[in-house]
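Chain residues, written in single-letter form:
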Amino acid sequence: MPDLLRSIISRFASLFPSWLQNHGGKKDPKPPIKLGQKWTYRTVVESLRKRELLKKIEDETGTKPKEPEMMHHYAKCLMEMVNSLTEKKVE
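Below, the structure is looked at part by part. (Residues numbered from 1 in each chain as written. Predicted model: local features only at pLDDT ≥ 70, side-chain atom pairs only at ≥ 80, totals over all residues. Heavy atoms only, no water.)

What the protein chain contains, in helices and strands, is five helices and zero strands. Moving toward the C terminus, one meets the helices and strands of the protein chain in the order α-α-α-α-α. The globule rule puts the C-alpha radius of gyration for 91 residues at 12 Å, and the 31 Å found for the protein chain is more than 25% above it. Principal-axis analysis of the C-alpha atoms gives the protein chain an extent of 95 × 35 × 15 Å. Across the 91 residues that make up the protein chain, the buried fraction comes to 12%. Considering only intrachain contacts with a sequence separation of at least 6, the fraction spanning at least 24 residues in the protein chain is 55%. Accessible surface, the protein chain as shown: approximately 8400 Å² in total, 60% of it carbon and sulfur. The distance from the centre of the 18 positive side-chain charges to the centre of the 12 negative ones in the protein chain is 9 Å. (Helix = DSSP H or I, 4+ residues; strand = E, 2+ residues; numbered from the N terminus. Rg over C-alpha atoms; globule rule 2.2 N^0.38 Å. Buried < 20%, exposed > 50% of the residue type's maximum accessible area, 1.4 Å probe, protein only. Contact = heavy atoms within 4.5 Å. Areas by Shrake-Rupley, 256 points an atom, 1.4 Å probe, with all protein chains shown as cover. Lys, Arg positive; Asp, Glu negative; His and termini not counted. Charge placed at Lys NZ, Arg CZ, Asp CG, Glu CD.)

In structure tokens:
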């Protein structure tokens with residue numbers, strides 16, 4: 001009797017995981033990373049007027065692009081440029 005019981009238990013033990021795998025619910029696959037970029041008003045101005053922004057920083061402060069000192073003035077000049085645009089240019 002114990003041998004019969006062991007054989008039944010071992011048979012169900014091998015069937016149960018495969019049954020769960022075959023009959024389990026499928027999950028919707030998610031992309032592993034977020035693709036694309038969220039565009040804000042500031043990022044649009046930054047990408048469209050990058051040369052103008054770098055020229056303005058160079059004229060006002062004398063630092064050339066790709067220098068560490070230039071980054072101290074970058075955010076300030078970018079916000080000045082964003083705020084100086086008229087409503088017509090914003091559209």
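Together, L4, I8 and F12 give the surface a local cluster of nonpolar side chains, amounting to about 290 Å² of exposed area. You can see I8 is positioned in helix α1 (residues 2–23). (Patch = residues over 30% accessible without salt bridge, like charges linked within 9 Å, V, L, I, M, F, W, Y side chains within 5 Å. Salt bridge = Lys/Arg side-chain N within 4 Å of Asp/Glu carboxyl O.)

On to the packing of helix α2 (residues 41–48) against helix α4 (residues 70–84), then. Packing of α2 against α4 leaves a shortest axis separation of 10 Å and a crossing angle of 100°. Put simply, α2 runs roughly perpendicular to α4. From α2, Y41, R42, V45 and E46 reach across to α4, where they touch Y74, A75, L78, M79, M81 and V82. By residue class, the composition of the contact of α2 with α4 is eight nonpolar, no polar and two charged. (Axes fitted to C-alpha atoms, helices over the stretch in contact; angles between N-to-C directions. Parallel < 35°, antiparallel > 145°, perpendicular 65-115°, else oblique. Nonpolar A, V, L, I, M, F, W, Y, C, P; charged D, E, K, R; others polar.)

This paragraph deals with the nonpolar core. Residues V45, L53, I57, M70, Y74, C77, L78, M81, V82 and L85 constitute the largest nonpolar core, which totals 10 residues. Every element with two or more residues in this core is listed here: α3 (50–61) and α4. The element best represented in this core is α4, accounting for six residues. Not counting the four nearest positions on each side in its chain, M81 is found in contact with V45, R49, E52, L53 and K56. (Core = buried A, V, L, I, M, F, W, Y, C linked by side-chain atoms within 4.5 Å.)

The next thing to look at is the pattern of salt bridges. Evaluation of the coordinates by the stated rule reveals four salt bridges. Residue D59 pairs with K55 through a salt bridge whose shortest N-O separation is 3.7 Å. Of the two residues, D59 and K55 are both situated in helix α3; the distance of four residues between them amounts to about one turn of the helix. Classification of D59 by relative accessible area gives exposed; the value is 54%. Judged by its relative accessible area of 49%, K55 is partly exposed. The partner of E80 in a salt bridge is K56, and the shortest N-O contact between them spans 3.4 Å. One end of the pair, E80, is in helix α4; the other, K56, is in helix α3, and 24 residues separate them in sequence. Residue E80 is classed as partly exposed on the basis of its relative accessible area, which comes to 36%.

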